[in-house]
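Overview (structure and organization)
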Amino acid sequence: MQNQNQDQFHNPQPAAATTLFGSRRAAQSPEFREKLRQMALPLAPLVQLTTGEIHPAFPLTLLNFWLLTDAQLEELAHFYHQRTPCSWTFQYPCPILWSSDMTLEEKRRRIGRFIGLRGCETPIRAATSEEEILERARRARMEDEEAWRRKLYWYN
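Residues numbered from 1 in each chain as written. Predicted model: local features only at pLDDT ≥ 70, side-chain atom pairs only at ≥ 80, totals over all residues. Heavy atoms only, no water.

**Thoughts on the overall build of the chain**
From N to C terminus, the chain includes seven helices and zero strands. In the chain, which comprises 156 residues, the share counted as buried stands at 23%. For the chain, the share of sequence-separated contacts (at least 6 apart) that also reach a separation of at least 24 residues comes to 39%. For the chain, the accessible surface area stands at approximately 12,100 Å², while carbon and sulfur atoms represent 58% of it. (Helix = DSSP H or I, 4+ residues; strand = E, 2+ residues; numbered from the N terminus. Buried < 20%, exposed > 50% of the residue type's maximum accessible area, 1.4 Å probe, protein only. Contact = heavy atoms within 4.5 Å. Areas by Shrake-Rupley, 256 points an atom, 1.4 Å probe, with all protein chains shown as cover.)

**Notes on the packing of aromatic side chains**
The final tally for this structure, using the stated rule, is six aromatic pairs. Ring centres 5.3 Å apart and planes at 75 degrees place the aromatic pair Phe65 and Trp66 in the edge-to-face group. Relative accessible area serves as the criterion here: at 47%, Trp66 is assigned to the partly exposed category. With 5.9 Å between their ring centres and 50 degrees between their planes, Tyr80 and Phe114 make a pair best called tilted. Here Tyr80 is found in the loop between helix H5 (70-79) and helix H6 (104-114), whereas its partner Phe114 is found in helix H6, with 34 residues between them in sequence. The exposure class of Tyr80 is buried, given its relative accessible area of 1%. Through a chain of ring-to-ring contacts, three or more aromatic side chains come together here, namely Phe58, Phe79, Tyr80, Tyr92 and Phe114. (Phe/Tyr/Trp six-rings, centres within 6.5 Å; stacked < 30°, edge-to-face > 60°.)

**A short note on unusual backbone geometry**
Within the chain, His81 stands out as a residue other than glycine whose phi angle is a positive 60 degrees. Mapped onto the elements of the fold, His81 is located in the loop between H5 and H6.

**Quick notes on the layout of surface pockets**
Of the voids in this model, the largest pocket is the one considered here, and its volume is about 180 Å³. Contributing to the lining of the largest pocket are Gln38, Met39, Leu62, Phe65, Trp66, Gly116, Leu117, Arg118 and Cys120. Taken together, the elements giving at least two residues each to the lining of the largest pocket come down to helix H3 (30-39) and helix H4 (62-66). Here the lining of the largest pocket gets three residues from one element, more than from any other, and that element is H4. Here the residues of the lining of the largest pocket are counted per class, giving six nonpolar, two polar and one charged. (1 Å grid on protein atoms, 1.4 Å probe; cavity = no way out; pocket = protein on both sides within 12 Å on 5 of 7 lines; lining within 4 Å. Points joined across faces, edges and corners; volume = space filled by probe spheres on them. Nonpolar A, V, L, I, M, F, W, Y, C, P; charged D, E, K, R; others polar.)

**A look at the pattern of salt bridges**
Side-chain pairs of opposite charge can arise whenever the charged atoms involved come near each other. Taken as a whole and judged by the stated rule, the model has six salt bridges. With a shortest N-O distance of 2.6 Å, Glu34 and Arg37 are connected by a salt bridge. Of this pair, Glu34 and Arg37 both sit in helix H3, separated by three residues, roughly a single helical turn. Counted as one network, the salt bridges with shared partners bring together Asp70, Glu74, Arg83 and Lys107. (Salt bridge = Lys/Arg side-chain N within 4 Å of Asp/Glu carboxyl O.)

**Observations concerning the nonpolar core**
The biggest cluster of nonpolar side chains holds 21 residues, and the ones touching the most others in it are Phe65, Tyr80, Ile111 and Ile115. Among the secondary structure elements, those contributing two or more residues to this core are H4, H5 and H6. Looking at this core, the element that brings in the most residues is H5, giving four residues. Non-local contacts of Tyr80, meaning those with residues more than four positions away in its chain, are made with Leu46, Val47, Gln48, Ile54, His55, Phe58, Tyr92 and Phe114. (Core = buried A, V, L, I, M, F, W, Y, C linked by side-chain atoms within 4.5 Å.)

**A look at the confidence of the model for the chain**
Scored by pLDDT, the chain has a mean of 81; 75% of the residues are at 70 or more. Confidence, read as mean pLDDT per element, is least for helix H1 (residues 2-10) in the chain (45) and greatest for H5 (96). Below pLDDT 50 for its whole length, residues 1-17 participates in one contact with residues either more than four positions away or in separate chains. (pLDDT = per-residue confidence, 0-100.)

**Remarks on the side chain of Gln82**
Relative to the helices and strands, Gln82 resides in the loop between H5 and H6. Take Gln82: its relative accessible area is 2%, and that puts it in the buried class. There is a polar contact of 3.2 Å between the side chain of Gln82 and the backbone oxygen of Thr89. A distance of 2.9 Å separates the side chain of Gln82 from the backbone nitrogen of Ile96, its partner in a polar contact. If sequence neighbours within four positions are ignored, Gln82 has contacts with Ala77, Thr89, Tyr92, Pro95, Ile96, Trp98 and Phe114. (Polar contact = N/O pair within 3.5 Å; in protein donor to acceptor, adjacent residues only side chain to side chain.)

As C-alpha cells, then:
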C-alpha cells in the first residue's frame, strides 16, 4: 500500500492521461501535430569505420538529435574519428573540423552535417575588411551628430 502511494506521489498522472492530453493538443493544433511528426522522423545510424559499431548515444530520431548534450556530442565526434584527426577521419562521407571550445550550437550543427542532416551547414559570414568597418563607424557617427544638430538647432 505504501509503495502504491509513493508511486502516485512520484507520478501523479497516469500514463494514459498524459497521452490523452498530448492527443487532444495534437488534435486541436495542426502545427503541433506537424512538429510531433517532424521530431519523430527516424535517423539512419552511422557506423564506425573501424569496428562497424553504432555509438550508444547516436540519435535515432530528430528529437533525440536536438536533445544531445555537449558531452554526448564530444563522444560522438571522438567515436567517429572527428575530434582527433587520424587516417580514418576523411574516410567518412562528410568529415568535419572539430574543436572542443565550440559552443553547443556549433557542435550540434557540425554533428548534424556529419550525419547528413539538411540545414546544418556552417553559416557564411560576410567578410568585412577593416576599412569597411571603420567607414561604417564613421557614417554612424556622422548620422548621430546630424541627428543631434537637428534636435538642438536653437543652440547653434
